[in-house]
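The primary structure of each chain is shown beneath.
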Amino acid sequence: MFQPVTDSNFVTGEHSVLKLWLQQQTFQQLRRKNAGRKRWSFLDGPITANNPMGVHHAWGRTYKDTYQRFFAMTGHDQRFQNGFDCQGLWVEVEVEKQLGLGTKTAVLEFGIDNFVNECKRRVLRFAARQTEQSQRLGYWMDWDNPDQLRQLAEQLGTDEEVTITTPTGKTETARAHQLAERLGNSEWGGSYFTFSTENNETIWTFLKKCFERGKIYKGHDVMPWSGRGGSAYSQMEIAEGRKLTTHKSVFVRFPIIHDEASGRASALRGKDRDEHGGLTPNRSPETQGQEYLLVWTTTPWTLTSNVACAVNPDLDYIKIQTKRDNAIYYFAKDNLNFQRLASEFRDGFGRPEWKWPEGVGKLKTLAQIFKEQGGFEELGTIKGAQMVGWGYEGPFDDLQAQQQAGGVPVDENNLSRCGVNSHRVIDGGRDSRGSANVVAGEGTGIVHIAPGCGDIDHKMGVALGLPIIAPLKDDGTYSEEFGDFAGLEAIAPATAELVFEKLKAKGMLVAVETYPHIYPHCWRTGDELVFRLVDEWFINMDWRDEIKDVTRQIKWLPDSIDGQEREIEWLSNMSDWMISKKRFWGLALPIWVNEEDPSDFEVMGSLAELKERSIEGWGDFEGNTPHRPWIDGVIIESQTPGKEGQRMRRVPDVGNPWLDAGIVPFSTMGYNTNREEWQKWYPADLVTECFPGQFRNWFYSMLSLSTMMRYDEADNAEDKKPFRTLLGHRLVQNEQGKPMHKSDGTAIWFEEAAEQIGVDTMRWMYLAQNPAMDLRFGTRHHDKPVTLQTPDGPIEKTLEGVTTCMVTSGPADETRRQILIPLWNCYKFFIDYAIADGFVPSDALRERVAQSSHLAPRDELSGKSCDKQPGDHTNRASSMAHHAERDGYTAVADRPEIDRWILSNLQSLIEVAHREMTQYNAPAFCAAAAGFIDDLSNWYIRRNRRRFWRSKDATDTDKNAAYETLYEVLVTLCRLLAPCIPFLTERMYQNLVLGQECSVDSVQFSENRGEVALTEHRTLNTEHSPPPSVHLCDYPTADISLLDAGLNLSMSAAQKVVRLAHKLREESNLRVRQPLAELRFASSNVGTAEAIERLADVIGEELNIHRVVRQDNLDALVSYAYKPNLKTLGPKYGKLLNALRTKLPELGDAVLSPLRRGENVTAELEGSSVDLTPEDVLVSTAQAAEWVCSDDSGIQVAISTVLTPELIREGMSRDFVRQVQQLRKDANLNIQDRIRVQYHSADNTVQAMVAEWGDYIRGETLADEIQFSPSAGVGVKSVTVGDSPVQIWIVNRV
RNA sequence: GGGCGUGUAGCUCAGAUGGUUAGAGCGCAGCUCUGAUAAAGCUGAGGUCCGUGGUUCGAGUCCACGUACGCCCA
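Just so you know, these numbers come straight off a predicted model, no measurement behind them.

Reading the values: rules and limits
- Residues numbered from 1 in each chain as written.
- Chains lettered and ligands numbered in written order.
- Predicted model: local features only at pLDDT ≥ 70, side-chain atom pairs only at ≥ 80, totals over all residues.
- Heavy atoms only, no water.
- Buried < 20%, exposed > 50% of the residue type's maximum accessible area, 1.4 Å probe, protein only.
- Helix = DSSP H or I, 4+ residues; strand = E, 2+ residues; numbered from the N terminus.
- Patch = residues over 30% accessible without salt bridge, like charges linked within 9 Å, V, L, I, M, F, W, Y side chains within 5 Å.
- Areas by Shrake-Rupley, 256 points an atom, 1.4 Å probe, with all protein chains shown as cover.
- Salt bridge = Lys/Arg side-chain N within 4 Å of Asp/Glu carboxyl O.
- Lys, Arg positive; Asp, Glu negative; His and termini not counted.
- Charge placed at Lys NZ, Arg CZ, Asp CG, Glu CD.
- Phe/Tyr/Trp six-rings, centres within 6.5 Å; stacked < 30°, edge-to-face > 60°.
- Lys NZ or Arg CZ within 6 Å of the ring centre and 35° of its normal.
- Pairing = 2+ DSSP bridges.
- Axes fitted to C-alpha atoms, helices over the stretch in contact; angles between N-to-C directions.
- Expected span 1.5 Å × (residues − 1).
- Parallel < 35°, antiparallel > 145°, perpendicular 65-115°, else oblique.
- Contact = heavy atoms within 4.5 Å.

Draft legend 1. Up close: helix α26 (residues 750-757). Along α26, seven of the eight residues are buried, which leaves the element largely enclosed by surrounding structure. Immediately beyond the C-terminal end of α26, within one or two residues, lies G758, with a positive phi of roughly 95°.

Laid out in structure tokens, this is it:
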């Protein structure tokens, strides 16, 4: 019944399995099988549908698939819903590149509607691409047809109607965007898309709840800004727009304000200055010793908005006095003679095109500047820490902006502060890497801080509660609070000149210079960017403790990462959540603001509410998705008392994309549309994701959103959690442990790995890897292009046009060599001999090994509950151990011990599988399975080969038992490993159970991958026929009647004996093919000794030793060595231990032999009497004559080293056989082919041996005749038999 | 700067509660076995267990300090 097995051909085998699944609709059958049964809820973290997958995506996706498959095989109903992350800046950036757009203006000219449609198109195309890649991985999900996704992408933005067939089989016709916005809904099935209207609207529900609790507010952030573009920039964009430019930089001095009472510089706090008139600046030029802070900046326009000055408290600051006006300056000591930009002057700024600009002189040191101005005198040094708290007079305190309470724009919460009353020296602090924000070197070591004009400045300002003065309007010009500067453009050179003029007039200008540096520019227009304070929307996170409580309800894996602690730490330290972004493609923030009063705003909780409230624009919007620009025109009326009837307009911002992903525990399970269904699946049992970063992204957003969504619905944190268990894993790296980058060609694309390494191999690598550690995947050789054989034919480039390159991977090779190839070879061994022998498993046996419950038509299942608890995996109705032969196979109890041993091990493996897989610990299961495969291949099959070779004899029950045992092991192993390596196990199953080859040729399948008819190819409801796929089998359950821990112990004792004896043979230079007469063993443990005795045949055969004899002891053959057991003696004798250690072995057997009989001994040592119990002393064997001995864990082994002429001749016969077998192999003979053999040797002991052992040799080699040839064979190589040279050749096949 | 973690063979990593000669896999050298095996077995070379100090009869293990690296946070 079996098909012959050839090479493993892992990769092409996977392709044929994919076709088989498609043809047989295996996944659909699986879903039907489990429909209505106990649920297991997986929630997929959406993958960004913006690029094709790399191997780093495949790790998490392998977890997702494997656990889903495991829970499917254990009979759980599941959603199988994949998710695509669709909205956000990352898509916009790619689309802008693709379209050559760079500024807000450019996008506006292109049209927001066109731009947004382009974003949707990109997402749909890459969703299709990732769908196909995932399918190649064997990832079973309720996938949309990729061709239809592409069709939707093509038709987006047109008036054409499109017809699609949904994964649930519904036919729908509408315009493309109207279909796209509904993708993933529960009626249609398929992947969820975060751009769907349901997803966006559910976020509105969330934001409404936040609003109801008063958590939404408008705040500020400082962003890189282009005045002409009227747009903010992201860090990514800034990186692309850096350019070398020159600015007028300026040294300025700020008069330090002295406390007149004490005569020392003093801190000014808050309003103190206004209330205590005693604090006044003293800047009369006549007064000796006016003190100044020396400050330097390359952006003079920001001086208008100075609030504070930062120093490094650990730095030394020098105090100098100038000759010209006796002014005293403070600045960093190291800066006095610091050669500013010396290396840049010489070598440029790091790129060839960034040379020092012509016409710009070398920069002067501070010492030089002061010398040119008349010279100076050093007065001493002081630590920065001593300066912190000093007050000073700001450079533009006369401006309204500086005097206005609460800063610009006015912060109602900070009205006690203004610029003027806040000027003081602060500690500059440190950045995220721990280096100080203020350092010596460039500048003066005293940094001017303008929280309205800079990123770090803003952070410091917010942290210290400083007033924020933001000078610029969105066109990049000063606002009216800035006096003469109002209306001037910040970056215009004339503005800097006006700053200098005014500073000069105040006596604050020290020096101006032309300063070259790298500065961010708009990468499109080339304009300089400025940092500008912008309005942003925030969620006040003062309810963080509620989220922490929810976090504590969740199990975080792997343990070693302590994810819960990490998440709690993040929740403790995070600031309010900025949810707005001044962009185009994303969630339309449902915040409507009163046109006449910006403080009057309201959040819409649903489209229905919006429609109800709208007074204008709904008609134009209707029929479009709730995205910009379509939603922007909808106007509502304020209902705020006193402002009724005033028009409210949506803020133009889009939402933070983590809102999109955070809402999915609600949106994708129908929270707003089918609450009953939602309750069935919430919370998810598992989410799994690559964790670096996600503690503050996806995990954070899900926890926050769920906590808020449930605040009015559930009382305790337990009921708010969005998922029960989180399984994180680290990163995929290259083979050297370095990150892989797309840019330098080291990132491995998914298809490169899949078609060169094979996905079963990859899956095993991912699953066996400790998730807490980076996976060193392999190396991409970007200089070695390869042609890949894909399911769709050969390719030399990916769809994106990247040349496909060679990928090598040591870990993958190891996995293949240690796991997949041995498994395949076990399978091939079985098939080869089963075919040769005509072994056919009985129906009863096939049924037993390929069980599947519930493979019945759907209507029979509905409403029925699962009759077996999935956790109860040992509960079997009937035992197999003692069934008689009438059942169609040999009763297990009647099989040899080694058969019962492997079956017992198999049951243990099944138990491990259930235990570890339900704990999401695939590595533990993989390790156990690898051990089992090794036992199967290198012990069970190796030791039992002869049972399979025996001649054909139907009454040979021992042989049948061997076949039945191996068959059961192989099929059960397929089922056990099916969730992990679904392809290889399917191929084996198809042949072992169904007798079908799973090859490309044998499978016919539909031309159109997406449109296979939903017909079933097999009758599924026949109770007794094995399922048509391994994935439709039930997961194996352990038969505890076959479980026998004793067998494991005795087998491992036997293996120990074998290992010891192999070692002895090696040491005595006695090769295994040379038979030996006798092995003796002894063990003080009777059970162990008996176990070894039972397995004496197995041991003798493995070791090629005639007799394996049990003895009570080996005293006659060995001597004993004694060592103290420090663990027991240490506590008893303390310092005496050292003496004990050297002297005790010297006492020898004469004194200590009673210990071996379990008796106590009292010995004299160093003058003290020592009582020794048997536990206190470790005994080992040492030597013998004509015997060699060794011992391990209480088992002693001795083998006889005497070689008689008889034994030598027997060894020669084994050599002879071995050589003939090699000839058979070289000649590619079939294992059943019969031959005739001739040999020639000058040594007549060879002829004597052949005469004695001829029957044995002929039997082993299937030779009808072995003939001595008096003459040497022509061209025949001489081999060694025993010590004699012999020529052997096969004359012919018979 | 704070927090957490890591540092053991050429590489990747194990080494509860302190205990004798510190292990495994890969790689390397040699031998062996092979009628499934591209596999396997045995032997060998290869270690200042990051450093210093301490506790202890005894420290890779516990403590302190230092050092290098990684991650998280501000």
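Draft legend 2. Quick peek at a negative patch on the surface. The grouping of D559, D562, E565 and E569 at the surface amounts to a negative patch. Along the chain, the position of E565 falls in helix α19 (residues 563-573). The exposure class of E565 is partly exposed, given its relative accessible area of 43%.

Draft legend 3. Seen up close, the packing of aromatic side chains. The tally for this structure, following the rule as stated, stands at 64 aromatic pairs. Ring geometry for F195 versus W585: centroids 6.3 Å apart, planes at 65°, classification edge-to-face. Of the two residues, F195 sits in the loop between β5 (192-193) and α9 (197-212) while W585 sits in the loop between β23 (580-581) and β24 (591-594), which places them 390 residues apart along the sequence. Its relative accessible area of 1% is what places W585 among the buried residues. With a centroid separation of 6.5 Å and 75° between ring planes, the pair formed by W556 and F723 is classed as edge-to-face. Taken together, the residues span a long stretch of sequence, with W556 in strand β21 (residues 555-557) and F723 in strand β31 (residues 723-729) at a distance of 167 residues. Here F723 falls in the buried class, since its relative accessible area comes to 0%. The rings of W40, F42, W59, Y63, Y67, F70, F71, Y766, F777, Y920 and Y1035 are connected pair by pair, giving a single aromatic cluster. Here R39 stacks its cationic end above the ring of W681, 5.9 Å away from the centre of that ring. For the cation-ring pair, R253 lies above Y292, with the distance from its terminal atom to the ring centre recorded as 4.1 Å.

Draft legend 4. Layout of the pattern of salt bridges. Counted by the stated rule, this structure contains 77 salt bridges. K643 is paired through a salt bridge with D597; the nearest N and O atoms lie 2.9 Å apart. Placement of K643 in the loop between β27 (635-637) and β28 (647-650) and of D597 in the loop between β24 and β25 (601-603) is noted, with a sequence separation of 46 residues between them. Three or more residues joined by partner-sharing salt bridges are found here, namely K209, R675, R710, D712 and E713.

Draft legend 5. Fine view of the sheet that holds β21. An order of β21-β31-β30 is seen for the three strands of this open sheet, with the pairing classed as parallel. The sheet terminates laterally at β21 and β30 (684-690), the two strands that pair on one side only. Neighbour-to-neighbour, the strand axes of the sheet open up by a mean angle of 15°, direction not taken into account. Sheet analysis places β30 next to β31, joined by six bridges and oriented parallel. Note on β31: the bridge partner recorded for L686 is T725.

Draft legend 6. Local environment of helix α17 (residues 493-506). In a regular helix each residue adds 1.5 Å, so 14 residues correspond to 20 Å; α17 covers 20 Å between its end C-alpha atoms and thus fits that length. Burial in α17 covers these residues: T495, A496, L498, V499, F500 and L503. G507 sits one or two residues past α17 and shows a positive phi near 75°.

Draft legend 7. Just the packing of helix α18 (residues 544-551) against helix α25 (residues 698-709), in detail. Where α18 contacts α25, the two axes come as close as 9 Å, and the packing angle between them is 110°. Taken together, the axes of α18 and α25 are roughly perpendicular relative to one another. Between α18 and α25, the contacting residues are E546, I547, V550 and T551 on the first element and L703, S704 and T707 on the second.

These figures capture arrangement, not role.
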